[in-house]
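Structural description and commentary
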Protein chains: 2
Amino acid sequence: MVQSATARRLEASGPGAEKRRREILGAASRLFRARGLHATGMREIAAALGMTAGNLYYYFPSKQDLLAYCQEETLGQLLDLARGGASGPRRTPDQRLRDLIEGHVTVLNEATPGSLAHLEVNEVAAARRASLLARRRSYETAIRRLIDAGVAAGTFRPVDSRLATLALLGALNWTVKWFQPDGRKSATEVGREFADLLLRGLLSGAPKHARAAGSPAAAAKRHERPGATSFNGSLSKRERGGSNGA
Amino acid sequence: MVQSATARRLEASGPGAEKRRREILGAASRLFRARGLHATGMREIAAALGMTAGNLYYYFPSKQDLLAYCQEETLGQLLDLARGGASGPRRTPDQRLRDLIEGHVTVLNEATPGSLAHLEVNEVAAARRASLLARRRSYETAIRRLIDAGVAAGTFRPVDSRLATLALLGALNWTVKWFQPDGRKSATEVGREFADLLLRGLLSGAPKHARAAGSPAAAAKRHERPGATSFNGSLSKRERGGSNGA
DNA sequence: AGAGAATTTGAACCGTGGTTCAAAGCGCGA
DNA sequence: TCGCGCTTTGAACCACGGTTCAAATTCTCT
């Protein structure tokens, strides 16, 4: 009960310590994202920086903390983004939302230090999760308010801002699953197109939208798929790892 | 080298076997989704059905297979959906896309047996992953073609159909992260609103969109956040599990 | 009832991976 | 150069969880 103050002072007090921590965080983040959270071991993270597994524990108390800090980092950047747009002079909600979308994609896919998204939030322990969720909620609220403002101003159609926010965030966060730095488009470009897509939608001219007459989810009702996926197919037991593409 | 044909016949040949497998698959799927793939152990899945861990191996050769089958199942339903819409008489691309969106959300969030999305694809071993990725690609292509068709017909604005598909799928797949069966809206309702949102976008009237004059991602450049997240905060070591909310 | 197959059990095996720790290195001021 | 903290090491610890297996139980058909 008294070890906290004393025992903890022993760890990482030097000048380069903070920088070192950034490096570790960076490597961890990169690996988490590339190979998955559970697939990356502490030894692996350490090896990526030419150091030893046990040495990591001189800078971070646990893997959990590594993950938590990654998320805090990213979340911090996103919140900065949201706040930054808010402080600007008089900009319309749609302009601000555009920038936010573009920035979001950029932060998630190009930012160097901690690029791990909200993904895997439930992997962090309860105590830390609470803080993360609170900040995430804050970010989501910011977006939602922006949409509400747009609706109030008449710029946006009257929509369920909660759902719209969720749809928006889904599209944006999902980018980490497929975006490739050496792909044909930069993160910022993707962000720009996404903004356009989400704000203007797909439809072109005056919507001659007749409510789909057919049965919408009727096809989904075919649950009884006879022998669709036979279980007795060839099953190669055991097989591990390998490189994972996008 | 000769065990395959012989040894495997010993497993699960009875009449109720197939039904049993469905049950297992269902429980696994439910748990995977609720507590996360790695958080759910075989013993847990077994316990959920009142059986024993080792008993599962009488029906499935490995946890990997459990996961793979879950994904195959879901993917199969989605492909059915895509094909179903295609076979219909003369329906416009936007109508078909609407239905597909609605169906997608429904399948992912209400379907009983295997509701695990494309998520976690890289968790399955190489051999099986290949098949899954192929089918997933097939599904994505179907959507993309739908969009292309819509563009060709003039119903949709000229967009990068690849990006549009990705944005769409992101929004849809992300629903599994927040959707709650006992929430205020059913999966189908959510799907319907999403369809509307994605097809029509947020903007209302004639877009008086002046290209955002300000610096778009300028705020994102603030990487040097001074002491924003101090690392020396209180760090509670060790802490495990706990219930995870959405 | 009884034989043989289908199913289930429970305990043990075992690799993996997060974590700890005492014993070195290393750097720098005195 | 000596000493003293900051760092790093490497090996070992240990629990967790997927998996195996031989024995026990249940089911079914005659």
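Residues numbered from 1 in each chain as written. Chains lettered and ligands numbered in written order. Predicted model: local features only at pLDDT ≥ 70, side-chain atom pairs only at ≥ 80, totals over all residues. Heavy atoms only, no water.

**Thoughts on the overall build of chain A**
Let me state the cut-off plainly: Segments assigned H or I by DSSP are reported as helices when at least four residues long, segments assigned E as strands when at least two residues long, and all are numbered from the N terminus. Categorising residues by exposure relies on relative accessible area from a 1.4 Å probe, with only protein chains included: less than 20% of the type maximum marks a residue as buried, more than 50% marks it as exposed, and the intermediate range marks it as partly exposed. Throughout, a residue-residue contact means that at least one pair of heavy atoms, one from each residue, lies within 4.5 Å. Using a 1.4 Å probe, accessible areas were evaluated by the Shrake-Rupley method; residue-level cover was limited to the displayed protein chains.
The number of helices and strands found in chain A is nine helices and zero strands. Beginning at the N terminus, the succession of helices and strands in chain A can be written as α-α-α-α-α-α-α-α-α. Here chain A holds 246 residues, and 49% of them are scored as buried. Excluding contacts between residues fewer than 6 apart, the proportion of contacts in chain A whose partners are at least 24 apart in sequence is 70%. Of the roughly 12,200 Å² of accessible surface on chain A, 52% is carried by carbon and sulfur atoms.

**Overview of the confidence of the model for chain A**
All names here are of chain A. In plain terms, the rule: Residue-level confidence of the predictor, termed pLDDT, takes values from 0 up to 100.
Averaged over all residues, the pLDDT of chain A equals 79, while 73% of them reach at least 70. Across residues 1-9, confidence stays below pLDDT 50; counting only partners more than four residues off in sequence or on other chains, it has two contacts. Counting contacts from residues 206-246, a segment whose pLDDT is below 50, to residues more than four positions away or on other chains yields 56 contacts.

**Notes on the packing of helix α6 (residues 93-110) of chain A against helix α8 (residues 161-178) of chain A**
To characterise two packed helices, one gives the angle between the axes of the helices and the distance between these axes. Residue and element names in this part refer to chain A. Our working rule: Interaxial angles span 0 to 180 degrees and are taken between N-to-C directions of axes, which are lines fitted to C-alpha atoms, for helices over the stretch in contact. For classification, angles of less than 35 degrees are called roughly parallel, those exceeding 145 degrees roughly antiparallel, those between 65 and 115 degrees roughly perpendicular, and all remaining angles oblique. Throughout, a crossing is termed right-handed when the near helix is turned clockwise from the far one, and left-handed when it is turned anticlockwise from it by less than a right angle.
The contact between α6 and α8 brings their axes to 8 Å, and the two run at 25°. In this view, α6 runs roughly parallel relative to α8, as classed from their interaxial angle. Crossing handedness for the pair α6 and α8: right-handed. Taken together, the residues of α8 that come into contact with α6 (itself represented by Leu97, Ile101, His104, Val105, Leu108 and Asn109) are Leu168, Leu169, Leu172, Asn173, Thr175 and Val176.

**Digging into the protein's contact with DNA strand C**
The following threshold applies: The rule for a residue being near a molecule or strand is that one of its heavy atoms must lie within 4 Å of it. Polar contact is defined as a pair of N or O atoms within 3.5 Å, subject to the rule that within protein one atom must be able to donate a hydrogen and the other to accept it, and that residues adjacent in sequence are counted only when both atoms are side-chain atoms. Polar here means any residue other than Ala, Val, Leu, Ile, Met, Phe, Trp, Tyr, Cys and Pro, which are nonpolar, and Asp, Glu, Lys and Arg, which are charged; Gly is therefore polar.
Lining the immediate surroundings of DNA strand C are 21 residues, of which Met42, Arg43 and Lys63 of chain A together with Tyr58 and Tyr59 of chain B lie closest. In DNA strand C, atoms within 4 Å of the protein come 60% from sugar and phosphate. At a separation of 2.6 Å, a phosphate oxygen of DNA strand C approaches a polar side-chain atom of Lys63 of chain A. Measuring from a sugar or linking oxygen of DNA strand C, one finds a side-chain N or O atom of Asn55 of chain B at 3.2 Å. In the surface near DNA strand C, the residues fall into six nonpolar, nine polar and six charged.

**Regarding the nonpolar core**
Convention followed: Each nonpolar core is a collection of buried residues, namely Ala, Val, Leu, Ile, Met, Phe, Trp, Tyr and Cys, held together in the definition by side-chain atoms within 4.5 Å.
Counting residues in hydrophobic clusters, the biggest one holds 116 residues, and the most contacted among them are Ile45, Leu97 and Phe194 of chain A together with Ile45, Leu97 and Phe194 of chain B. Excluding anything up to four places from it in sequence, Leu97 of chain A contacts Ile143, Leu146, Ile147, Phe156, Leu168 and Leu199 of chain A together with Leu202 of chain B.

**Side note on the protein's contact with DNA strand D**
Neighbouring DNA strand D are 21 residues; Tyr59 of chain A together with Met42, Arg43, Tyr57 and Lys63 of chain B lie closest to it. Near the protein, meaning within 4 Å, the atoms of DNA strand D are sugar or phosphate in a fraction of 59%, with bases accounting for the rest. In the environment of DNA strand D, a phosphate oxygen lies 2.7 Å from a nitrogen or oxygen atom belonging to the backbone of Met42 of chain B. Within the side chain of Lys63 of chain B, a nitrogen or oxygen atom sits 2.6 Å from a phosphate oxygen of DNA strand D. Secondary structure elements with two or more residues in the surface near DNA strand D: α4 (53-56) of chain A together with α3 (42-48) of chain B. Looking at the surface near DNA strand D, its residues break down into six nonpolar, nine polar and six charged.

**Concerning helix α2 (residues 17-35) of chain B**
All names here are of chain B. The test is simple: Helix span, expected: 1.5 Å multiplied by one less than the number of residues in the helix.
With 19 residues, α2 should reach 27 Å at 1.5 Å per residue; the first-to-last C-alpha distance of 26 Å fits that figure. Among all positions in α2, only Ala17, Arg21, Ile24, Leu25, Gly26, Ala27, Ala28, Ser29, Leu31 and Phe32 are buried. Gly36 occupies a position one or two residues after α2 and carries a positive phi of about 95°.

**With respect to α8 of chain A**
Note: α-helices contain 3.6 residues per turn, so residues at a spacing of three or four share the same orientation. All names here are of chain A. Given a rise of 1.5 Å per residue, 18 residues ought to cover 26 Å, and the 26 Å separating the end C-alpha atoms of α8 matches this to within 8%. Where burial is concerned, most of α8 is hidden: 16 out of the 18 residues are buried. Capping the start of α8, Asp160 holds a side-chain oxygen 3.0 Å from the backbone nitrogen of Arg162, two or three residues further along.

**Describing the packing of helix α6 (residues 93-110) of chain B against helix α7 (residues 126-153) of chain B**
Residues and elements named next belong to chain B. Relative orientation of the contacting elements α6 and α7 amounts to 150°, with a least axis distance of 9 Å. Considering the angle they form, α6 stands roughly antiparallel to α7. Here α6 and α7 pass one another in a crossing that is left-handed. Residues Pro93, Arg96, Leu97, Leu100 and His104 of α6 form the contact with α7, whose own contacting residues are Tyr139, Ile143, Leu146, Ile147, Ala149 and Gly150. Per-class residue counts for the contact of α6 with α7 are eight nonpolar, two polar and one charged.

**Examining the packing of aromatic side chains**
We count it as follows: When two rings of Phe, Tyr or Trp (its six-membered ring) have centres within 6.5 Å they constitute a pair, described as stacked for plane angles under 30 degrees, edge-to-face for angles over 60, and tilted for the intermediate range.
Here the structure, examined in full by the defined rule, presents eight aromatic pairs over all chains. Summarising the aromatic geometry, the rings of Tyr58 of chain A and Tyr59 of chain A are spaced 5.3 Å apart at their centres and angled 90° between planes, so their arrangement reads as edge-to-face. Here Tyr59 of chain A falls in the buried class, since its relative accessible area comes to 15%. Measuring from ring centre to ring centre gives 6.2 Å for Trp178 of chain B and Phe194 of chain B, while their planes differ by 40°; the resulting arrangement is tilted. One end of the pair, Trp178 of chain B, is in helix α8 (residues 161-178); the other, Phe194 of chain B, is in helix α9 (residues 187-200), and 16 residues separate them in sequence. Accessibility classification places Trp178 of chain B together with Phe194 of chain B in one group, the buried group. Members of the aromatic cluster, each reached through a chain of ring pairs, are Trp178, Phe179 and Phe194 of chain A.

**Focus on the pattern of salt bridges**
All names here are of chain A. So the rule is basically this: A pairing counts as a salt bridge when a side-chain nitrogen of Lys or Arg comes within 4 Å of a carboxyl oxygen of Asp or Glu.
Counted by the stated rule, this structure contains 31 salt bridges over all chains. Two residues, Arg136 and Glu140, come together in a salt bridge whose shortest N-O distance is 3.5 Å. On the criterion of helical spacing, the pair formed by Arg136 and Glu140 is a turn pair, its members being four residues apart in helix α7 (residues 126-153). Using a relative accessible area of 23% as the deciding quantity, one classes Glu140 as partly exposed.

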